[in-house]
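A look at the structure
Chain by chain, the residues run as shown.
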Amino acid sequence: MATALITHADCMKHDMGTYHPECPSRLAAIDDQLIMSGIGAYLDRYDAPLAEDEHLARVHPQRYIDAIRKAAPEHGVVHLDPDTAMNSGTLPAALRAAGATVLATDLVAGGKHENAFCAVRPPGHHATRNRAMGFCFFNNIAVGIRHAIHAHGIERVAIIDFDVHHGNGTEDIFAGDEHVLMVSTFQHPFYPYSGTDDPAPNMVNVPLKAGSGSQQFREAVEATWLPALEAYKPQMIYISAGFDAHIEDDMAMMRLVDQDYAWVTQKLVEVAGRHANGRIVSVLEGGYALSALARSVVMHVRTLGGF
Ligand SMILES: [Zn+2]
């Protein structure tokens, strides 16, 4: 079964301004590198559908969804927080990004593909139930997970978040949720300055100091994530795949290299193989150094696809 690649041209139309790091070129760089690497030909591509309110409302209150729709401008740019803004392309992009995880869930839980990667933006893991922040509007991965639980009867989902920032939105949504185990690493102390104060028992958070690299990351995964995942036996695995802990990414101060993304993906493929029929849905989060982002995505997707 080929790996599914889910994306949409609308995701390129969300634009928060010329100097904003969360820029449309991120997806263009990924697409180019998938082609250059030769693996693009082995992926089954799908256009992301628009998420419907029914999907979003499993995560966000209806009044929040309505407020985002209402805030969307026809012209110009509207800021929802100092670094999170909407232009005329944002709403369709955000709906496609969330819809991608719904389609990915249907394809993977339905057995059409063993795994899927959603190359989408805006990202989602900072979006809480009722707040847009940190470049995020809807919590894309949470929308997919709730769909897996409600539409496919999945009872145990593991979330892996290796973005350099703590996934505070995902934690806000799933803290205490009996259907979910979340494991994550993130630079700390660092934006959004969460994840260390008394996390819920289903949150396995490993804060890493600025300057941490391959060794500290791999030790955290082996000592903390893998035992927790083995004990939990997830029926499906979701990855918040942010690539901003890369040494070339100056958004943060961690020092991972391309190979670390292949390594961690392989570990997760093995966990999924043992417990989840191989089922993995991975969703792009951060990653702002375009070349490093695109190369790391290729490492990640190549490992998901087993080629
Ligand atoms: Zn990030």
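A brief report on the enclosed structure follows. (Residues numbered from 1 in each chain as written. Predicted model: local features only at pLDDT ≥ 70, side-chain atom pairs only at ≥ 80, totals over all residues. Heavy atoms only, no water.)

Let us look at empty space enclosed by the protein. All told, the structure shown has 1 cavity of 30 Å³ or more when counted by the stated rule. Roughly 30 Å³ of internal volume is contained in the largest cavity. Looking at the largest cavity, the residues that line it are Leu5, Asp31, Leu34, Ile35, Gly40, Leu43 and Arg45. Per-element tally for the lining of the largest cavity: the top contributor is helix H1 (residues 25–37), with 3 residues. (1 Å grid on protein atoms, 1.4 Å probe; cavity = no way out; pocket = protein on both sides within 12 Å on 5 of 7 lines; lining within 4 Å. Points joined across faces, edges and corners; volume = space filled by probe spheres on them. Helix = DSSP H or I, 4+ residues; strand = E, 2+ residues; numbered from the N terminus.)

Neither face of strand S1 (residues 4–7) is exposed, since Ala4 and Ile6 on one face and Leu5 and Thr7 on the opposite face are all buried. The β-α-β motif built from S1, the intervening H1 and the parallel element strand S2 (residues 44–47) has right-handed crossover chirality. For S1 and strand S5 (residues 115–118), the ladder comprises 3 bridges, and the chain directions are parallel. Within S5, the position partnered with Leu5 by the bridge is Phe117. (Buried < 20%, exposed > 50% of the residue type's maximum accessible area, 1.4 Å probe, protein only. Right-handed = clockwise from strand over helix to strand, strands pointing away. Pairing = 2+ DSSP bridges.)

Relative to the helices and strands, Thr170 resides in helix H6 (residues 168–174). Given a relative accessible area of 0%, Thr170 falls into the buried group. Once residues within four sequence positions are removed from consideration, Thr170 is found in contact with His125, Ala127, Asn139, Ile141, Ile159 and Met182. (Contact = heavy atoms within 4.5 Å.)

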